[in-house]
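Chain by chain, the residues run as shown.
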Amino acid sequence: MPKISIIIPCYFNEQNIPVSSKVLVENEANFPPSTLFEYVMVDDGSKDNTYQELLTFHRQYPSKVKIIKLAGNVGSYNAILAGMKHATGDCCCITSADLQDPVELIPKMFAHWSNGVKLVMANREKREDSFFQRNFSNLFHFLVRKFALSNIPSGGFDFVLFDKKLKDEVIKMNEKNTNTLYLLPWLGYDFVVIPYTRRKRTLGKSRWTLAKK
């Protein structure tokens, strides 16, 4: 029975966790019946009630919810790497805690993996963001494609599913101060790209500020 580890970095997401956890569990019905699930929730040094909400999620589903509480805020990419180190699934999926990434795409991504594809990237073809945010993102990904990784999708990606083998290779690199997710296409495996529209955040305020970007 294949097992998927869904890794979610969390930072000031106290309003999101009760909603997103319910949606994630309901989405399990869209997978093949034999699929096993593991939710690896990483609290990246939040100063609100994110951790308490994660504990509530764990109490509801103790056999499949794993919580990692980091000592301080180390940034989403390092939080993702911490989640990868604790994930035990045959494949992993990285998604957001605020449901800006449509979790209903995960079964489709999982189906590609089941057919032998090692890397499935959900490409932000459109974004329900401000004019400034969209243009800032477009410029960044244009520069990355031009000078570093020509094979990443033009709109970039944060929402991705990948095989355990890729997870192990990224962990083994032990890279610091990097975009953990962009190491995945750098490994050179064949991949599939699925376009989607990134939704506008409806609960809480994003702490992914311009300075952090």
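Above this note sits the structure.
Conventions we followed
Residues numbered from 1 in each chain as written. Predicted model: local features only at pLDDT ≥ 70, side-chain atom pairs only at ≥ 80, totals over all residues. Heavy atoms only, no water. Core = buried A, V, L, I, M, F, W, Y, C linked by side-chain atoms within 4.5 Å. Buried < 20%, exposed > 50% of the residue type's maximum accessible area, 1.4 Å probe, protein only. Contact = heavy atoms within 4.5 Å. Axes fitted to C-alpha atoms, helices over the stretch in contact; angles between N-to-C directions. Helix = DSSP H or I, 4+ residues; strand = E, 2+ residues; numbered from the N terminus. Parallel < 35°, antiparallel > 145°, perpendicular 65-115°, else oblique. Left-handed = near helix turned anticlockwise from the far one by under 90°. Arc of directions from axis to C-beta.

### With respect to the nonpolar core
Proteins that are soluble and globular tend to have nonpolar side chains buried together. Among the nonpolar cores identified, the biggest contains 31 residues, and Ile4, Met41, Ile106 and Leu161 are the most heavily contacted of them. Every residue in contact with Ile106, bar those within four places of it in the chain, is listed here: Ile4, Ile6, Asn27, Phe31, Cys93, Phe159 and Leu161. One finds Ile80, Ala82, Ala87 and Leu184 within the second-largest nonpolar core, a separate group that totals 28 residues.

### Looking at the packing of helix α3 (residues 76-86) against helix α6 (residues 164-173)
It is the contact of α3 with α6, at a shortest axis distance of 10 Å, that shows an interaxial angle of 120°. Accordingly, the angle class assigned to the pair α3 and α6 is oblique. Note that α3 runs across α6; the crossing there is left-handed. Where α3 abuts α6, its residues Leu81, Met84 and Lys85 lie against Lys167, Val170 and Ile171.

### Some remarks on the side chain of Thr95
Tracing the sequence through the fold places Thr95 in the loop between β4 (91-94) and α4 (106-114). With sequence-adjacent residues up to four places away left out, Thr95 is seen in contact with Ile6, Ile7, Ile8, Pro9, Asp101 and Phe159.

### Some points on helix α2 (residues 50-60)
Inspection of α2 places Thr50, Leu54 and Phe57 among the buried residues, and these make up the whole buried set. The arc enclosing the buried residues of α2, seen along the axis, measures out at 55°, which places them on a common side. Check the buried side of α2 and you find it contacts β1 (3-10), α1 (17-27), β2 (36-43) and β3 (65-69).

### Considering unusual backbone geometry
For Phe12, which is not glycine, the phi dihedral falls at a positive 55°. Mapping Phe12 onto the fold places it in the loop between β1 and α1. For Phe12, a relative accessible area of 15% translates into the label buried. Even without a glycine there, the phi angle at Asn177 is positive, about 55°. As for its placement among the helices and strands, Asn177 is situated in the loop between α6 and α7 (183-186). Using a relative accessible area of 79% as the deciding quantity, one classes Asn177 as exposed.

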